[in-house]
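For reference, the chains in residue letters:
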Protein chains: 2
Amino acid sequence: MANASDGMNYAPKGKAAPVVQPGEFHFAAMHLDHGHIYGQCNGLIEAGGTLSKVYDTEPERLARFCKTYPQAKAVADPREILEDPAIRLVAAAAVPCDRGPLGCVVMRHGKDYFTDKTPFTSLQHLAEAKRTAAETGRKYMVYYSERLHVESAIAAGDLIQEGRIGRVVQVLGTGPHRHGAKGSRPAWFYRKAQYGGILCDIGSHQLEQFLYYTGNSEATIQAAKVANYRNPDFPEFEDFGDISVIGGNGATGYHRVDWLNPDGLRTWGDGRAVILGTEGYIELRKYIDVTTDNGGDQLILVDHKGEHRMACAGKIGFPFFGRLIRDCIDRSETAMTQTHAFKAAELCLQAQAVAVKVA
Amino acid sequence: MANASDGMNYAPKGKAAPVVQPGEFHFAAMHLDHGHIYGQCNGLIEAGGTLSKVYDTEPERLARFCKTYPQAKAVADPREILEDPAIRLVAAAAVPCDRGPLGCVVMRHGKDYFTDKTPFTSLQHLAEAKRTAAETGRKYMVYYSERLHVESAIAAGDLIQEGRIGRVVQVLGTGPHRHGAKGSRPAWFYRKAQYGGILCDIGSHQLEQFLYYTGNSEATIQAAKVANYRNPDFPEFEDFGDISVIGGNGATGYHRVDWLNPDGLRTWGDGRAVILGTEGYIELRKYIDVTTDNGGDQLILVDHKGEHRMACAGKIGFPFFGRLIRDCIDRSETAMTQTHAFKAAELCLQAQAVAVKVA
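Residues numbered from 1 in each chain as written. Chains lettered and ligands numbered in written order. Predicted model: local features only at pLDDT ≥ 70, side-chain atom pairs only at ≥ 80, totals over all residues. Heavy atoms only, no water.

S.K.: Even after reading the chapter, I still don't get the interface of chain A and chain B, so can you show me in this structure?
M.R.: How big an interface is tends to be reported as the loss of accessible area on association of its parts. On the chain B side, the residues contacting the 57 residues of chain A number 57 residues. Linking A:Glu307 and B:Arg266 is a salt bridge whose minimum nitrogen-to-oxygen distance equals 2.7 Å. Between the two partners, chain A and chain B, sit 35 residue pairs in polar contact (both at pLDDT 80 or more). Per element, the largest residue contribution to the side of chain A that touches chain B is 5 residues, and it comes from strand β9 (residues 240-247) of chain A. Here the side of chain A that touches chain B is composed, by residue class, of 23 nonpolar, 16 polar and 18 charged. (Contact = heavy atoms within 4.5 Å. Salt bridge = Lys/Arg side-chain N within 4 Å of Asp/Glu carboxyl O. Polar contact = N/O pair within 3.5 Å; in protein donor to acceptor, adjacent residues only side chain to side chain. Helix = DSSP H or I, 4+ residues; strand = E, 2+ residues; numbered from the N terminus. Nonpolar A, V, L, I, M, F, W, Y, C, P; charged D, E, K, R; others polar.)

Below is the structure:
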């Protein structure tokens, strides 16, 4: 596991599980604004992808990236990636407000796109991406890392599909994040037009998990809130937000996100999910089992037979990435459907739009 | 600890901490419909109260009570309690819809009243009780047991008052409860007019905790939901509910309650509370630390210095009961203000009234 004290640079590593031969699936990285790009690349490389080129606007950031991935050739002009017929997919972690337009450019060049969350900061960008994906037949996939790159979260999905907790009726997710030292984040992190608001940003992980675990394709935001409790120096920043959501199938979700993670926690956030079913519940302690040395990725399952605990780290893997590569080659949708990726994005934008500001 | 597998008969016992001399504070018990009456009486007796009389309509239930408390004289007519000048307070756990009217009768007889939660099933009853309390100068106190009779919950309040987590910005409470075998509950438990709905009933604990931990005297229900996912045989029953609440001081609450606790859990419910502050957070694992043998009453505190755990059982006590007895004698409000008790009741009734029904 990479730097655990800083969520922005949290880039999980898993077991290599290649689904293609070396050189069979070339991809590139563009715009390294968020450290999640490392997690995106790790996942694709472990699944057999070949990282062949990288483009970024900041030389220092680019140098660091090339040190980690010496196989990637730094290019000075993005067209060297966009117009390279060997490259099938572009992974990117641009400033959030640029992610949608960048994805449309990538898709218009005949390539699939794999962006860091949040995928959009406006419903207009979402609409443009939907239209472009439909017109080009390309994929606009999203790195919803708090499920896709967390082994206990993957295991939870498997248990639910096996019916271990009956019908899922609620997902309760909490996503506390460490803000870090004052001013340690880039400027865009504090500008609402650029980061989109807390529900749009880290709330997107939550709504993706809600849709996935409850098996919903439709949902309505019932209520939402945002606040800036601790960062008055940054008036456009939101350090707290929550969402109540009602799914089309009658299951509901509640999701709280914040940037209030105290310094004394040994990792960047005590992220949890409690998935309540009619026949049991699952609790995920994703990154830490606080006050213990159990490590993260603890899955607790309580059903009619008893209380069970699974330490998932190193045991489950991250099947999303291999499936994504296969989907790009086979034009299938086994990793995540396009509809699902867009619906999670839509819901987080809707939540942000209706959020009541508290203080 | 009494029967841990059944929340209805959960009647904590603590260390005796008398605040009066034997015989100085006489109280009686009336209407034993909910097993919480045992917790109410235990608390008062440990604080020095003298349980002198009991009235109930069901002979078997009365006999069981008298076996537990042989000091209590069973009376055949409630007037033997209501008109006994030696009795200062009446503890009662009537069918929920009868609690308000009974309280008014008790107060009109010049006695303080200590009812099981939920205190009311209608806003009309609340209004009558407010008026009667004001006119008689008597107390209408409520056994919000999930805070008052849980040592870790008391410890959390103390830590918050010491400022250990800064400003409290959210209380996130979950109150799963075991329903038990089909049909094991009394008939009133399934009739909405009698039990009031899940938010009115077990939601009342939650809103009391919200007000207490956030230090609010005013709040607004932002959204609420109820559902009956698993008990279609009982169409008026609700086995799931949740509430989003916004406090007057800008702190918010989210509270989920349910009757879906799986049989395999070793206790009646994995009740939790996460209290988020600007400088840290507290998690309470009230009745069990699931999959461990740590016991219940685990308080976890994470602040800027580190991760801390306190096993609170047997160490904190239940100061509410002694304070209540002193308040009845001294006409003070150290245990709980009347305003607070009524406001929690009002909020749970408002939440129930605005709740969206999902399925």
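S.K.: Honestly, the pattern of salt bridges in this entry has me stumped. Any pointers?
M.R.: Charged atoms that come close allow side chains of opposite charge to pair. Evaluated as defined, the whole model comprises 56 salt bridges over all chains. Two residues, B:Asp84 and B:Lys53, come together in a salt bridge whose shortest N-O distance is 2.9 Å. Placement of the pair is B:Asp84 in the loop between α3 (79-82) and β4 (87-92) and B:Lys53 in strand β2 (residues 50-55), with a sequence separation of 31 residues. Of the charged contacts, one joins B:Asp56 and B:Arg61 as a salt bridge, the two residues approaching to 2.8 Å between their closest N and O atoms. On the basis of relative accessible area, B:Asp56 is assigned to the buried category, the value being 7%. Ionic contacts of the salt-bridge type, sharing partners, join the residues A:Asp270, A:Arg272, A:Glu283, A:Arg285, A:Asp289, A:Arg309, B:Asp270, B:Arg272, B:Glu283, B:Arg285, B:Asp289 and B:Arg309 into one network. (Buried < 20%, exposed > 50% of the residue type's maximum accessible area, 1.4 Å probe, protein only.)

S.K.: What exactly am I supposed to notice about the nonpolar core here?
M.R.: One broad rule of soluble globular proteins: the nonpolar side chains tend to lie buried together. All names here are of chain B. One finds Phe-65, Phe-114 and Ile-282 to be the most contacted residues of the largest nonpolar core, which totals 105 residues. When residues in this core are grouped by element, the largest group, 8 residues, is from helix α12 (residues 338-354). Two domains each provide a minimum of three residues to this core, namely domain 1 (26-146 + 319-337) and domain 2 (147-316 + 349-357). Once you skip the residues sitting within four places of it in the chain, Phe-114 turns out to touch Gln-40, Leu-44, Leu-89, Val-90, Ala-91, Ala-92, Met-141, Val-142, Tyr-143, Phe-320, Phe-321 and Leu-324. (Core = buried A, V, L, I, M, F, W, Y, C linked by side-chain atoms within 4.5 Å. Domains from an automatic or database assignment.)

S.K.: Could you clarify how one ought to interpret the domain arrangement of chain A in this entry?
M.R.: Residue and element names in this part refer to chain A. Looking at chain A, the domain boundaries give domain 1 (26-146 + 319-337) and domain 2 (147-316 + 349-357). A straight line from the C-alpha centre of domain 1 to that of domain 2 covers 24 Å. Each partner contributes to the interface: domain 1 provides 24 residues, whereas domain 2 provides 24 residues. Carbon and sulfur atoms make up 64% of the area that domain 1 and domain 2 hide from each other, which totals about 2000 Å². On inspection of domain 1 and its partner domain 2, the count reaches 1 salt bridge. A salt bridge links Lys-117 to Asp-201, with the shortest nitrogen-to-oxygen separation between them at 2.7 Å. At the surface where domain 1 touches domain 2, the tally comes to 11 residue pairs in polar contact (both at pLDDT 80 or more). Looking at the side of domain 1 that touches domain 2, the elements that each hand over two or more residues are α1 (36-46), α4 (96-108), α5 (123-136), β6 (140-143), α6 (145-148) and α11 (319-330). Residue composition of the side of domain 1 that touches domain 2, by class: 13 nonpolar, 8 polar and 3 charged. (Buried area = accessible area lost by both parts, 1.4 Å probe.)

S.K.: Would you take a moment to explain helix α10 (residues 203-214) of chain B for this structure?
M.R.: Residues separated by three or four positions in an α-helix point in the same direction, a consequence of the helix having 3.6 residues per turn. Residues and elements named next belong to chain B. Along its 12 residues, α10 runs 17 Å from first to last C-alpha, staying within 8% of the 16 Å computed at 1.5 Å per residue. With respect to burial, α10 is a largely interior element, 11 of its 12 residues being buried. Listed as buried for α10 are Gly-203, Ser-204, His-205, Gln-206, Leu-207, Glu-208, Gln-209, Phe-210, Leu-211, Tyr-213 and Thr-214. Looking at the residues trailing α10, positive phi occurs at Gly-215, about 70°. (Expected span 1.5 Å × (residues − 1).)

S.K.: What is the right way to look at the pairing of strand β7 (residues 168-176) of chain A in this model?
M.R.: Every regular strand shows the same layout, with side chains that alternate between the two sheet faces. All names here are of chain A. The element β7 is extensively covered by neighbouring structure, given that 9 of its 9 residues are classed as buried. Both β7 and strand β10 (residues 252-258) contribute to a ladder of 7 bridges, which runs parallel. Among the inter-strand pairings, Val-171 is bridged to a residue of β10, identified as Gly-253. (Pairing = 2+ DSSP bridges.)

S.K.: Can you help me understand the pairing of strand β12 (residues 280-285) of chain B in this one?
M.R.: All names here are of chain B. Among the 6 residues in β12, 6 count as buried, and that is most of the element. For strand β11 (residues 272-277) and β12, the ladder comprises 6 bridges, and the chain directions are antiparallel. Bridging across to β12, Leu-276 finds its partner in Tyr-281. Taking the residues that link successive antiparallel strands as the turn, the β11-β12 hairpin has 2 residues. Judged from the 6 bridges that link them, β12 and strand β13 (residues 298-303) form a sheet pairing that is antiparallel.

S.K.: Just checking my understanding: could you explain unusual backbone geometry for this structure?
M.R.: For residues other than glycine, phi is negative in most cases, and the peptide bonds are mostly trans. Residue A:Thr118 is bonded to the preceding A:Lys117 through a cis peptide linkage, with omega at -15°. One can find A:Thr118 in the loop between β5 (112-116) and α5. Not every positive phi belongs to a glycine, and A:Asp297 is a case in point at roughly 55°. Its location among the elements puts A:Asp297 in the loop between β12 (280-285) and β13 (298-303). A positive phi is found at B:Arg331, a non-glycine position, where the angle reads about 55°. Using a relative accessible area of 34% as the deciding quantity, one classes B:Arg331 as partly exposed.

S.K.: Looking at this structure, how should I read the sheet that holds strand β2 (residues 50-55) of chain A?
M.R.: As a general point, the strands of a sheet are linked pairwise by backbone hydrogen bonds and lie either parallel or antiparallel. Residue and element names in this part refer to chain A. Taken together, the 6 strands give an open sheet; going across it, the order is β3-β2-β1-β4-β5-β6, and neighbouring strands pair in parallel fashion. Because the sheet does not close on itself, it has two edges, and the strands there are β3 (73-74) and β6. Sheet analysis places strand β1 (residues 26-30) next to β2, joined by 5 bridges and oriented parallel. The residue of β2 that forms the bridge with Ala-28 is Lys-53. Of the strands in this sheet, β1, β2, β4 (87-92), β5 and β6 touch α1, which is tilted by about 150° from β4. (Axes fitted to C-alpha atoms, helices over the stretch in contact; angles between N-to-C directions.)

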